[in-house]
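# Secondary and tertiary structure notes
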Amino acid sequence: MRTYLVTGGAGFIGSNYIHYMFRKYGDDIRIINLDVLTYAGNPENLKDLEGNDNYIFVKADITDKEAVSKIFEEYDIDRVVHFAAESHVDRSIKDPEAFIKTNVYGTGVMLSCAKAAWELPEGPDPLGNYKPDKKFLHVSTDEVYGSLPEGEGYFYETTPYSPHSPYSASKAGSDMLVKAYMDTYHFPANITNCSNNYGPYQFPEKLIPLIINNALHGKKLPVYGDGKNVRDWLYVEDHAKAIDMVQEKGKLFETYNVGGHNEKQNIEIIKIILNTLNEMLPDGDERKAHINEGLITYVEDRKGHDRRYAIAPDKIKKEIGWEPETRFEEGIKLTIKWYFEHEDWMSNVVNGDYMKYYENMYGKKEKA
Ligand code: NAD
Ligand code: TDX
C-alpha cells in the first residue's frame, strides 16, 4: 500500500485532493494529513473520512522540524504532496511575515525531513541516492511568473520568475528551494505551477466564494480597481487530477504548468455568478429580489495588483496527457450547487473571526 504525506490537506485544494485520491484509489492508499489548522484549515472538509482507517490526521506545523521528522520516523512515506501554505494575496500585503515563515521556511523543513528519511548512505549517484520510488511534489502557483500584458502572451515553464506580492514572492522562494534540492542533492521532486482554482470548500476570502456568499446575502460585491484584471480559472478537481498524474507519469525533476486556457476578467466572473445564481434558485425564492448587478461596488484597488495571469499547459498535455475536463460553465454550476447544499459549512466558516477580517479588509475600501 502506498503511503502519502499530504500537507495542508484541511484547506481548499488539499481537501479536494484527498477526496479525489480516495475516490480514485480506495483502500490501495493511505493518507496522512499534516495540517496545523490555521483559519483556512477546516476539519469539516474531511468529516466524511471519519472512521476510514486509511486516513490519519496529524495536527502539526510544517515549521516544527521535530514534529515533521516524527511523522517520517513513524511512517514509511512514499509520496509527499506539499500544499500547506498561507495562500491569500490580500493577507500577505497586510502581514507578510506569516507567509515568509510558512511558505519559505516551512517548505525548507519539509524538504530537509523528506531528504533525511529517504536518503541512502551510498550509491552510484555522486549527488544523492534515495530509497526507490520516493517522490515529493511541491504545489505552487502561476503568480510566481508575475503579470502579463492584456491579451498577449502566456506563462511557460521557462518564463522567468517575477513575483510582485509577498505571497507570490514567498511561493517563488519555496519553488527555488525545491529546485535547489533537485540540483544539489538530486532530490526526487516535481513542481506544479497552477492557475486560479475554484470549487467546493473554498474559503470565502477568495473571489468566487466571496461573491457567491455576498450575493446570496444581498451584500455589496467588492470589485478591485476597474474589474478588468484577468485570471485563468481551473476547477479544483482538475488540479487534483493533474497533481496525481504528474507524480505518477511525469518526469522527475521537472516543473509542469497547470491551467486550462480559461481566462476571464473579474467583472465577467461576477456577472456569470449573478446570472447562474438567478438561474439555479427556484422560482419564488426571495433572494432573487436582491441578486442583481446593483450589488456590484467598485472599491480601491489591491496594491501591486497583477493585471493578467494565463498558463500555457502545452507541456503537461504533451508529456502526460492531462487536460482539464470541467468547462467553466459546468464548473461554476457545480460550485454554486455545492454552496447551496452546504449552507451550514458556510455559516460555520463565516464566524466572528471572518467578520473581523472582512471589516478590516473591506471596511475602509468601501468608504474610499
Ligand atoms: P488554503 O489556504 O485553503 O489551505 C492551506 C492549508 O494549509 C490550510 O489547511 C492550513 O491550515 C494549512 N497550513 C497553513 N499553514 C500551515 C503550517 N504552518 N503548517 C501546517 N499546515 C498549515 O490554500 P489552498 O487554496 O488550498 O492552496 C493550497 C496550495 O496550493 C498552496 O500552496 C497554494 O499556494 C497553492 N495554489 C493555490 C491556488 C488557488 O487558486 N487557491 C492556485 C495555485 C496554487
Ligand atoms: O473582493 C475581491 N475583489 C476582487 O476584485 C477579491 C477577494 C478579489 N478580487 C480580485 C483580485 C484578483 O484579480 O479577483 C481576482 C482573484 O482574487 P483572489 O481570489 O484573491 O485570487 P488571486 O489573488 O488571483 O490568487 C489566487 O490564485 C492563485 C489564490 O488566492 C492563490 O493562492 C493562488 O496561488
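Residues numbered from 1 in each chain as written. Chains lettered and ligands numbered in written order. Predicted model: local features only at pLDDT ≥ 70, side-chain atom pairs only at ≥ 80, totals over all residues. Heavy atoms only, no water.

Here the focus is the site of ligand 1. Within the structure, ligand 1 sits among 28 residues, and Ile13, Asp35, Ser87, Tyr167 and Lys171 are positioned closest to it. Contacts to ligand 1 include phenylalanine 12, whose backbone N or O atom sits 3.0 Å from an oxygen atom. Contacts to ligand 1 include aspartate 61, whose side-chain N or O atom sits 2.8 Å from a nitrogen atom. Here ligand 1, which alone exposes 840 Å², has 96% of that area covered by the protein. Put simply, the parts of the chain that give the shell around ligand 1 at least two residues each are helix H1 (12-25), strand E5 (135-141) and helix H5 (166-185). (Near = heavy atom within 4 Å. Polar contact = N/O pair within 3.5 Å; in protein donor to acceptor, adjacent residues only side chain to side chain. Areas by Shrake-Rupley, 256 points an atom, 1.4 Å probe, with all protein chains shown as cover. Helix = DSSP H or I, 4+ residues; strand = E, 2+ residues; numbered from the N terminus.)

The subject of this paragraph is the pattern of salt bridges. Under the defined criterion, the tally for this structure stands at 25 salt bridges. Residue aspartate 244 is joined to lysine 24 by a salt bridge in which the shortest nitrogen-to-oxygen separation is 2.9 Å. Linking aspartate 244 in helix H7 (residues 236-249) with lysine 24 in helix H1, this pair joins segments that are 220 residues apart in sequence. Given the relative accessible area of 44%, lysine 24 is considered partly exposed. Notably, a salt bridge pairs aspartate 285 with arginine 287, separated by 3.0 Å at the nearest N-O pair. Judged by its relative accessible area of 22%, arginine 287 is partly exposed. What emerges from the salt-bridge pattern is a single network uniting Arg2, Arg79, Asp133 and Glu248. (Salt bridge = Lys/Arg side-chain N within 4 Å of Asp/Glu carboxyl O. Buried < 20%, exposed > 50% of the residue type's maximum accessible area, 1.4 Å probe, protein only.)

As far as function goes, none of this settles anything; it's purely spatial.
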